[in-house]
Amino acid sequence: MKHIALITGASSGIGREFARQISAAYPSLDEIWVLARSVPRLQKLEEELQGRRLKILPLDLSRDTELKALEKTLKEEHPCIRILVNSAGCGKSGLIEEQHWIDAVRMLDVNCRALTAVTMICLPYLKKGSRIIQADSGSAFLPQPGFAVYAASKAYVLSFDQALGAELKNRGIPVTSVCPGPVDTEFFRNGGITLSPWKRLFLAKPEKVVKKALFDAEAGKDLSIYGCSVRLVRLAAKLLPRKLLLGIMRRIFM
Ligand SMILES: NC(=O)c1ccc[n+]([C@@H]2O[C@H](COP(=O)([O-])OP(=O)(O)OC[C@H]3O[C@@H](n4cnc5c(N)ncnc54)[C@H](OP(=O)(O)O)[C@@H]3O)[C@@H](O)[C@H]2O)c1
């Protein structure tokens, strides 16, 4: 049986960095399966990681037919998934009443629906010691006016991960939610988001976020937080009354 890592969102940003670092850090893996819509970008990654067997799965994870295609491929090949990374995601900012519902629902489709489906499809192929790593966000810790649907989608991921981690404890499979602040990837450009000077101040390198995430996943931690800004947000979300927090968020983000 071949041992693999399966990484969604591998064509760009954090997911691509996971592919690079997993390729370097886990030479015993037989294959790395990389999923995204952009085939040229996945091929470029394959060229970069020469010598490692990459399996390119060009899938739009917002479509059920393509999720079923993943399910079928796994059934046929029956690998052991040692590391599952769900990094596919997108975000669009703006006031709820000024956004189009299609953009909002697309975020939920990729950030929540696809992540849930891919995780569930992969579960039968994980074994004791396998790792699940989910790209979550510091936005998971509190509602965010001006980025409401995205933050709510990430709160879903955190809740899902924590319950899944509890369910998988007996199987010896830790689930790590990776919750960074802003990371220097194409995420903001893709979502048409202008980064505020405040957020720019805390912009992290994907290399560092991923290095910490892999370290934390190996240690079996349920949370991987890179950067002091997110730690502060999490602490504030725990200590301050919600009403006060939302008032502060309104002033910062609206
Ligand atoms: N960058 C940040 O500041 C930041 C902070 C916290 C959390 N995160 C989270 O980290 C994850 C990765 O973000 P990133 O910064 O690496 O963004 P990115 O550079 O825009 O990468 C997003 C990835 O998701 C894939 N993707 C998007 N829609 C898809 C779909 N329908 N089907 C399949 N793949 C799809 C994209 O591939 P294709 O376009 O080729 O399909 C791409 O590989 C996301 O979940 C994001 O919410 C990011």
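Just so it is clear, the model here is predicted, and its values are computed rather than measured.

Enquirer: Sorry, what's going on with the pairing of strand β6 (residues 175–178) here?
Expert: Within a regular beta strand, the side chains point alternately toward one face of the sheet and then the other, so they alternate between its two faces. Burial along β6 is two-sided: Val175 and Ser177 and Thr176 and Val178, pointing in opposite directions, are all buried. When strand β5 (residues 126–135) meets β6, the two strands line up parallel, connected through four bridges. Within β6, the position partnered with Ala135 by the bridge is Val178. For the crossover that starts at β5, traverses helix α5 (residues 148–168) and ends in the parallel β6, the hand is right-handed. Sheet topology places β6 next to strand β7 (residues 223–224); two bridges connect them, and they run parallel.

Enquirer: Looking at this structure, I do not really get the sheet that holds β5. What am I missing?
Expert: Strand pairs in the sheet, formed through backbone hydrogen bonds, run parallel or antiparallel to each other. Reading across the sheet, the seven strands line up as β3-β2-β1-β4-β5-β6-β7 and stay open at both edges, with parallel pairing between neighbours. Single-partner strands in this sheet number two, and they are β3 (54–58) and β7. Of the strand pairs in this sheet, strand β1 (residues 3–8) and strand β2 (residues 31–36) are connected by five bridges, and their pairing is parallel. Along β2, the bridge assignment pairs Thr8 with Leu35. Across the sheet, helix α1 (residues 13–25) is in contact with β1, β2, β4 (80–86), β5 and β6; its angle to β1 comes to roughly 160°. In this fold helix α4 (residues 101–122) packs onto β1, β4 and β5, with an angle of close to 175° to the strand it touches most, β4.

Enquirer: How do you make sense of the packing of α1 against helix α2 (residues 39–48) when you look at a structure like this?
Expert: Closest axis-to-axis distance for the α1/α2 pair is 11 Å, and the angle between their directions is 25°. In terms of axis orientation, α1 runs roughly parallel to α2. By crossing handedness, the relation of α1 to α2 is classed as right-handed. Here Arg16, Ala19 and Arg20 of α1 come into contact with α2, specifically with Arg41, Leu45 and Glu48. Taken together, the residues that form the contact of α1 with α2 break down as two nonpolar, no polar and four charged.

Enquirer: Please clarify how the layout of surface pockets should be interpreted in this entry.
Expert: In this structure, the second largest pocket occupies an estimated 290 Å³ of space. Classifying every residue of the lining of the second largest pocket by side-chain character gives nine nonpolar, six polar and one charged.

Enquirer: I keep staring at the nonpolar core and nothing clicks. Help me out?
Expert: Counting 28 residues, the largest nonpolar core has Leu6, Leu70, Leu74, Ile81 and Ile132 as its most contacted members. At the level of secondary structure, the elements contributing two or more residues to this core comprise β1, β2, α3 (64–77), β4, α4, β5 and α5. Broken down by element, this core gets its largest block of residues, six residues, from α4. Setting aside anything within four residues of it in sequence, one finds Ile81 in contact with Ile4, Leu6, Leu74, Cys122, Tyr125, Leu126, Lys127 and Ser130.

Enquirer: Help me understand the side chain of Ser23 in this model?
Expert: Secondary-structure assignment places Ser23 in helix α1. Among residues more than four places away in sequence, those in contact with Ser23 are Phe18, Ile32, Leu49 and Arg52.

Enquirer: Sorry if this is basic, but what is going on with the packing of aromatic side chains here?
Expert: Centre distance and the angle of the planes are the two values used to describe a pair of aromatic rings. One pass over the full model with this rule turns up four aromatic pairs. Aromatic side chains Tyr156 and Phe160 sit 6.0 Å apart centroid to centroid with 10° between the ring planes, which places their arrangement in the stacked category. With Tyr156 and Phe160 both in helix α5 and four residues apart, this pair spans about one turn of that helix. Of the residues examined, Phe160 reaches a relative accessible area of 17% and is grouped as buried. In textbook terms, an aromatic cluster arises when at least three aromatic residues are bridged by ring pairs, as seen for Phe147, Tyr150, Phe187 and Phe188.

Enquirer: How should the pattern of salt bridges be read in this particular structure?
Expert: It is possible for side chains bearing opposite charge to pair when their charged atoms get close. Throughout the structure, instances matching the rule amount to 15 salt bridges. For Lys2, the salt bridge is made with Glu77, and the minimal N-O distance between the two is 2.5 Å. Taken together, the residues span a long stretch of sequence, with Lys2 in the segment before β1 and Glu77 in helix α3 at a distance of 75 residues. Judged by its relative accessible area of 28%, Glu77 is partly exposed. Ionic pairing is found between Arg63 and Asp60, a salt bridge with its closest N-O pair at 3.3 Å. With relative accessibility at 16%, the residue Asp60 sits in the buried group. The network of salt bridges with common partners includes Lys2, Glu31, Arg53, Lys55 and Glu77.

Cut-off values and rules
Residues numbered from 1 in each chain as written. Predicted model: local features only at pLDDT ≥ 70, side-chain atom pairs only at ≥ 80, totals over all residues. Heavy atoms only, no water. Buried < 20%, exposed > 50% of the residue type's maximum accessible area, 1.4 Å probe, protein only. Helix = DSSP H or I, 4+ residues; strand = E, 2+ residues; numbered from the N terminus. Pairing = 2+ DSSP bridges. Right-handed = clockwise from strand over helix to strand, strands pointing away. Contact = heavy atoms within 4.5 Å. Axes fitted to C-alpha atoms, helices over the stretch in contact; angles between N-to-C directions. Parallel < 35°, antiparallel > 145°, perpendicular 65-115°, else oblique. Left-handed = near helix turned anticlockwise from the far one by under 90°. Nonpolar A, V, L, I, M, F, W, Y, C, P; charged D, E, K, R; others polar. 1 Å grid on protein atoms, 1.4 Å probe; cavity = no way out; pocket = protein on both sides within 12 Å on 5 of 7 lines; lining within 4 Å. Points joined across faces, edges and corners; volume = space filled by probe spheres on them. Core = buried A, V, L, I, M, F, W, Y, C linked by side-chain atoms within 4.5 Å. Phe/Tyr/Trp six-rings, centres within 6.5 Å; stacked < 30°, edge-to-face > 60°. Salt bridge = Lys/Arg side-chain N within 4 Å of Asp/Glu carboxyl O.

Limitation: the analysis is restricted to geometry and does not speak to function.
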